[in-house]
Structures are given as structure tokens and as C-alpha cells.
Amino acid sequence: MLTSTQGWAIFHGSILTVEIALVAVFFGVILGIIVALGRISKNKIANALSWFYVWFFRGTPLLLQLFMVYFAVPIIYLNVTGSTLVIDPMLCAFVTFSLNSTAYMAEIIRAAIESIPEGQMEAAKALGMSYHQAMRKIIIPQTFKRLVAPLGNELIMLLKDTSLVSTIALFDVLRTVKTMASSTGNWVYYLYAAAIYLFLTTVLQVIFDKLEKRFGAYEKR
Amino acid sequence: MAIDQPKNKDAVDTMVEVRNITKYFGDLKVLKGIDFKVKRGEVVCIIGPSGSGKSTMLRCLNQLERITDGEIYIEGELMDQRKNDKTINHIDADRLQQLRCDLGMVFQNFNLFPHLNVIENVTVAPITVLKANKEKITKRGLELLDMVGLKDRAYEYPVRLSGGQQQRVAIARALAMNPKIMLFDEPTSALDPELVGDVLATMRQLADDGMTMIIVTHEIGFAREVADRVIFMDDGVICEEGTPDEVINHPKEERTRSFLKKIL
Ligand SMILES: Nc1ncnc2c1ncn2[C@@H]1O[C@H](COP(=O)(O)OP(=O)(O)O)[C@@H](O)[C@H]1O
Ligand SMILES: [Mg+2]
């Protein structure tokens, strides 16, 4: 069985896992809205920039992005300024996961916006609203319902992907149990990790199912 | 029922004037030089075969589409002047916004906002665009809903209403912006036959109250009864216009005759 030290270690590891996922989803949604608006914008520069952003962050492994921020940035900094830069691995995880999830969120949000019938924007404009007002009051609120399910999926993927942070000196739940398993030779620790991941993903699933029902209210007869 | 109409004696009597407008979609010339005027309080019905450019014409008036060439005046004031898809005369943005608010529009497919309940549908634009006081505009919105016979449905979501009810909400929603001119694009075409009457009755009431209206419709009976003038459009031009009696009962043009024969 677990000693209380081990129990706490696993608990802290789980918190770290959840923390990274939540921070990434939070910034991912906010920045994702901006990138998505860029993707559908008629402005060529905004369009190209956001296209490039999504292209890069979806087209390269998350692990590579993590290494670039954690290992490459300090080296570049050293070469340019001549002084060393110590990056807090936690900050590094927050930044990388947020940037990465922004790309995925942007595509999810763009698809949701494009799924709203054109008549909605036209009706809003015919009522005198600007593009901006129509987006804010009419179009984006209607995407919420369509966003719930893919957002839940994305959060679950993120939660599992956080295990990658073990490569940059962070003790998430997986790394914590792996250390215990290899020092004691007991595989049962992996089951604890599996149980925690399952618990977290199930909770998310239940929450998002509820949210979907709630946002669906206005579409029910 | 109060539709605010200026009582000013020297108010310009031409509410809408369109001069020689053309509209291309790519290489397709959809409007081929259209001129007309609509007087204050006049009800103009536009009829014509599908694809003749009736919707495009209406949509050009409130700039949902931009004209390729021509001029559009609202109450004698220039709203849009373009040549070869370029704006010649740039109107002050705030003023343009104002002019666009003078034109209310009702669509074939209602286009109510499904995430807002009925009263919110009516008040969202005045609150957002005109920065109207929420309490006051809600009161006014309920009056408008009362006028279209749907006050008791104010707190329901559009999906729970029939098509005819949704269209009447859409009319109330447009009226909440205090437009001076109402544009209707086949407002009853998407409705089951038994629901058409209520919407037409609402429009007739609006006409009786003195609203200036431009109505694209296939309801010839309604046009005959309510319109002051009927315009027959075909292939991007105004083919014939006159009183309902002239155009519908005694059409001069062969194209008008054959169109009317088909739909009557
Ligand atoms: N956004 C658009 N892009 C390209 N062609 C269009 C567009 N809107 C309308 N059209 C074309 O313009 C013509 C006139 O259409 P429309 O104004 O809708 O006619 P009506 O309302 O009289 O049926 C049609 O040939 C139609 O296919
Ligand atoms: Mg049409």
C-alpha cells in the first residue's frame, strides 16, 4: 500500500497535471477565439498570421514545442545576450500547452462559427449591428453549444498530454508513480496513475455532458 | 401603435430613390440598370420570376450587398454612390450606420436569433446599436409584440413558435429599431398556407399605419389589395410598373402577362 509520503506525492502530481490542463484550456479558449477570428477575417495579414500559427502548432509534435521553449529558448537567449536564462519548468509547461491548445481551439472555434447559418449575420447587420457587435452578441454566443463537446474532448486530450512534462523536470502524476515503480520494483503504482487519469477524465466527461444539455435548452422543442 | 414618422411639413417626400443601379456577382450581371422612387407611406410590391434579382435589389438597399454602379438616396440624402465596385462618395460612417438603421428588413427565413428569447430578439439591436435603456425598450418591445399578437409568447424561445409566429416576431424585431422604411423579402414564402394570413394581416396593419414598405412577394392577392404600386421585375430590369390594377389586371408587357398566367 501507499505510505502517506507517497500518497501526497501522487496527490501533488495529480494537481500539477490538472493545473497545466486548466491553464492551457483557459488561455487556449481566449487566444483561440482571436486566432479563429483571424482565420475567418477578410484582412489578409490577420488571415495569414493565424493560418501560419495553426499550421505550425498542429503540424509539429507537442514534445518538440516543449523542448523548444524549455531547451532552445535559453540557448538562444545565451547566444544573443551572453547571460543565462533560467526558465521555471512550470511556466514553460503553461506557456507551451497554452500555445499548443490555442491552435486546436482556434480550429474548433472556427468550425463552430462557420456552422452558424449566414442568415444570422445578415439579420444582425440588417438590424444595424456592426460586424463586431454581431459577432459578440449573435454569432459567438450561438457557438457555445457547438463548442461544448469538442472542448471537452480537447480538455481530455490535454489532460493526458500533460504527461509529456516529465521530460522537463516536472513531477506530474505519471512521473511520480514511475519513480515509485522503478525504485520499489512494484508495477501496482501504474494502476494508481491509471485510476487517477480515469477519475479525472470521467469527471470531465460528466461535467461536459451536463453543460451540453444546459446549453442545448434553446434548441429543444 | 406608434410608428414615428416625422410630421415636418417640408420633409422630403421621396423616401427611397435608386438611380441606375447595376450589380454583378463575378461576371454575372444580376441588376441591369434599375431606377425607381418610393414616396413616404407608399407600399410598393415587387413581383417577378425567381432569379430576376428581386432579393438582390432589396439587399443592395441596406448594403447587405454592395451595388456595382449607381446611387441610392434615403429621404433625399445620398447613402451610396458607386462606380465599378468602388465607392465614389464616402459617407460618414456614423451617418451611414444611421441611414442603414432607417431600413428595417424581414427575411424569407425569419432569421430569428435562436439563443435569445422572443423579447430579447426584439430588444437586442436597440440595446446594442442604439444603446437603448433596457427597461424602456423592453416595454416598447412588449407593445410591438402585442401589436403582432404575440405578447404572451415574449419569454419563449423562437424554436417553440410556428413559422408564422416567428415571422411576426421578426417584424416586431425590425420595428424596434424605429425604421422609416420596411423591406420584406418574400415574407410568407416559407410558411404553411394556413399561417400566411396572420403575417399578411400584420403587414396590412403596418401599411395602414403609414409605414413606407417595399415588399417582394408572390402573394398577388395581397399586392392587388394593399400595394399603391406594383413593380414587375424580370431578368435584372424593371419590366413594368404601375398601380395594381394596371400591372396585375391589365398588364401591357408580354413578359408580365406570361408571368402572371403562370402564378395565378
Ligand atoms: N451571393 C451571390 N453570389 C452569386 N450569385 C448570386 C448571389 N446572390 C444571388 N445570385 C444570383 O443572382 C440572380 C438573382 O438572384 P435573386 O436576387 O436572389 O433573385 P430573386 O430574388 O428574384 O429570385 C440569380 O441568378 C442568383 O443565382
Ligand atoms: Mg429572392
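See the structure above.
Below: a short report on this structure. Here the structure is a predicted model, which means the values were calculated and not measured.

On to the packing of aromatic side chains. Residues and elements named next belong to chain A. Counted by the stated rule, this structure contains 10 aromatic pairs over all chains. When the ring of Trp51 is compared with that of Trp55, the centres are 5.7 Å apart and the planes differ by 10°; the resulting orientation is stacked. Taken together, the residues Trp51 and Trp55, both in helix α2 (residues 44–59) and 4 residues apart, mark about one turn of the helix. Of the aromatic side chains, those joined through ring pairs into one cluster are Trp51, Phe52 and Trp55.

What follows is about the sheet that holds strand β4 (residues 69–74) of chain B. All names here are of chain B. Here 5 strands make up an open sheet; going across it, the order is β2-β1-β4-β5-β6 and the pairing antiparallel. Every other strand in the sheet has two partners, leaving β2 (28–39) and β6 (86–87) as the edge strands with one partner each. Inspection of the sheet shows β4 paired to strand β5 (residues 77–83) by 5 bridges, in the antiparallel sense. In the sheet register, Ile74 faces β5, and the bridge partner there is Glu77. Sheet strands in contact with helix α1 (residues 54–61) are β1 (14–25), β2, β4 and β5, and its direction is about 60° off that of β2.

Residue and element names in this part refer to chain B. Look at Asn20: it is not a glycine, yet its phi comes out positive at around 45°. Positive phi is not limited to glycine here, since Phe110 has a value of about 65°. Position of Phe110 relative to the elements: it lies in the loop between β7 (103–106) and α3 (118–129).

To continue, consider the side chain of Thr201 of chain A. Residues and elements named next belong to chain A. For Thr201, the location among the structural elements is in helix α8 (residues 188–215). Judged by relative accessible area, which is 15%, Thr201 ranks as buried. When near neighbours in sequence (up to four residues on either side) are disregarded, Thr201 contacts Ile156 and Leu159.

All names here are of chain B. On the basis of which strands lie adjacent, the open sheet formed by 6 strands has the order β7-β8-β9-β3-β10-β11 and mixed pairing. Where the open sheet ends on each side, the last strands, each with one partner, are β7 and β11 (237–242). If you compare each strand with its neighbour and ignore which way they point, the axes differ by 20° on average. Where strand β8 (residues 181–185) meets strand β9 (residues 212–216), 5 bridges bridge the pair, whose relative direction is parallel. Residue pairing for β9: Phe184 is matched across the bridge by Ile215. Each of β3 (43–47), β8 and β9 is contacted by helix α6 (residues 193–208), which is oriented at about 145° to β9, the strand it contacts most.

Residue and element names in this part refer to chain B. Relative to each other, helix α4 (residues 134–147) and helix α5 (residues 163–175) sit at 140°, their axes nearing to 9 Å. Compared by their axis directions, α4 and α5 come out oblique. α4 and α5 meet at a crossing whose hand is right-handed. On α5, the residues that touch Arg140, Leu144, Leu145 and Met147 of α4 are Val169, Ala172 and Leu175. Residues of the contact of α4 with α5, tallied by class, amount to 6 nonpolar, no polar and 1 charged.

Residue and element names in this part refer to chain A. Contact pair helix α5 (residues 118–126) / helix α6 (residues 131–161): the axes reach a minimum separation of 9 Å and the direction vectors enclose 140°. Classified by the angle between their axes, α5 and α6 sit oblique to one another. Crossing hand, α5 versus α6: right-handed. Residues Gln120, Met121 and Ala124 of α5 form the contact with α6, whose own contacting residues are Tyr131, Ala134, Met135, Ile138, Ile139 and Gln142. Per-class residue counts for the contact of α5 with α6 are 7 nonpolar, 2 polar and no charged.

Its location among the elements puts Leu127 of chain A in the loop between α5 and α6. The contacts of Leu127 of chain A, once residues within four sequence positions are left out, are Phe113, Ala125, Val129, Arg173, Ala174 and Met177 of chain B.

So, about the site of ligand 1. Residue and element names in this part refer to chain B. Phe25, Leu28, Val30, Pro49, Ser50, Gly51, Ser52, Gly53, Lys54, Ser55 and Thr56 make up every residue found near ligand 1. Within the contact set of ligand 1, an oxygen atom lies 2.7 Å away from a backbone nitrogen or oxygen of Gly51. The separation between an oxygen atom of ligand 1 and a polar side-chain atom of Lys54 is 2.9 Å. If ligand 1 stood free it would expose 560 Å²; the protein chains cover 59% of that surface. When contributions to the shell around ligand 1 are tallied by element, the ones reaching two or more residues are β2 and α1. Ranked by the residues each element gives to the shell around ligand 1, the list is headed by α1, at 3 residues. Among the residues forming the shell around ligand 1, the class breakdown is 4 nonpolar, 6 polar and 1 charged.

Residue and element names in this part refer to chain B. Most of β4 is tucked away: 6 of the 6 residues are buried. Bridging between β1 and β4 involves 5 bridges; their strand directions are antiparallel. Across the sheet, Val18 pairs through a bridge with Ile72, a residue of β4. Remark: 2 residues form the turn of the hairpin made by β4 and β5, two consecutive strands paired antiparallel; Glu75 in that turn has positive phi of roughly 50°.

Here we take up the interface of chain B and chain A. Facing the 26 residues of chain B at the interface are 19 residues of chain A. Looking at the side of chain B facing chain A, the largest losses of area belong to Phe113, His115 and Val159 of chain B, adding up to 29% of the total buried there. The interface formed by chain B and chain A holds 1 salt bridge in total. As a salt-bridge pair, Glu122 of chain A and Arg59 of chain B come within 2.7 Å of each other at their nearest N and O atoms. At the junction of chain B and chain A, the tally comes to 7 residue pairs in polar contact (both at pLDDT 80 or more). Only α2 (93–101), β7, α3 and α5 of chain B provide two or more residues apiece to the side of chain B that touches chain A. In terms of residue count, the dominant contributor to the side of chain B that touches chain A is α3 of chain B (4 residues). Of the residues assigned to the side of chain B that touches chain A, the class counts are 16 nonpolar, 5 polar and 5 charged.

Rules of the game
- Residues numbered from 1 in each chain as written.
- Chains lettered and ligands numbered in written order.
- Predicted model: local features only at pLDDT ≥ 70, side-chain atom pairs only at ≥ 80, totals over all residues.
- Heavy atoms only, no water.
- Phe/Tyr/Trp six-rings, centres within 6.5 Å; stacked < 30°, edge-to-face > 60°.
- Helix = DSSP H or I, 4+ residues; strand = E, 2+ residues; numbered from the N terminus.
- Pairing = 2+ DSSP bridges.
- Contact = heavy atoms within 4.5 Å.
- Axes fitted to C-alpha atoms, helices over the stretch in contact; angles between N-to-C directions.
- Buried < 20%, exposed > 50% of the residue type's maximum accessible area, 1.4 Å probe, protein only.
- Parallel < 35°, antiparallel > 145°, perpendicular 65-115°, else oblique.
- Left-handed = near helix turned anticlockwise from the far one by under 90°.
- Nonpolar A, V, L, I, M, F, W, Y, C, P; charged D, E, K, R; others polar.
- Near = heavy atom within 4 Å.
- Polar contact = N/O pair within 3.5 Å; in protein donor to acceptor, adjacent residues only side chain to side chain.
- Areas by Shrake-Rupley, 256 points an atom, 1.4 Å probe, with all protein chains shown as cover.
- Buried area = accessible area lost by both parts, 1.4 Å probe.
- Salt bridge = Lys/Arg side-chain N within 4 Å of Asp/Glu carboxyl O.

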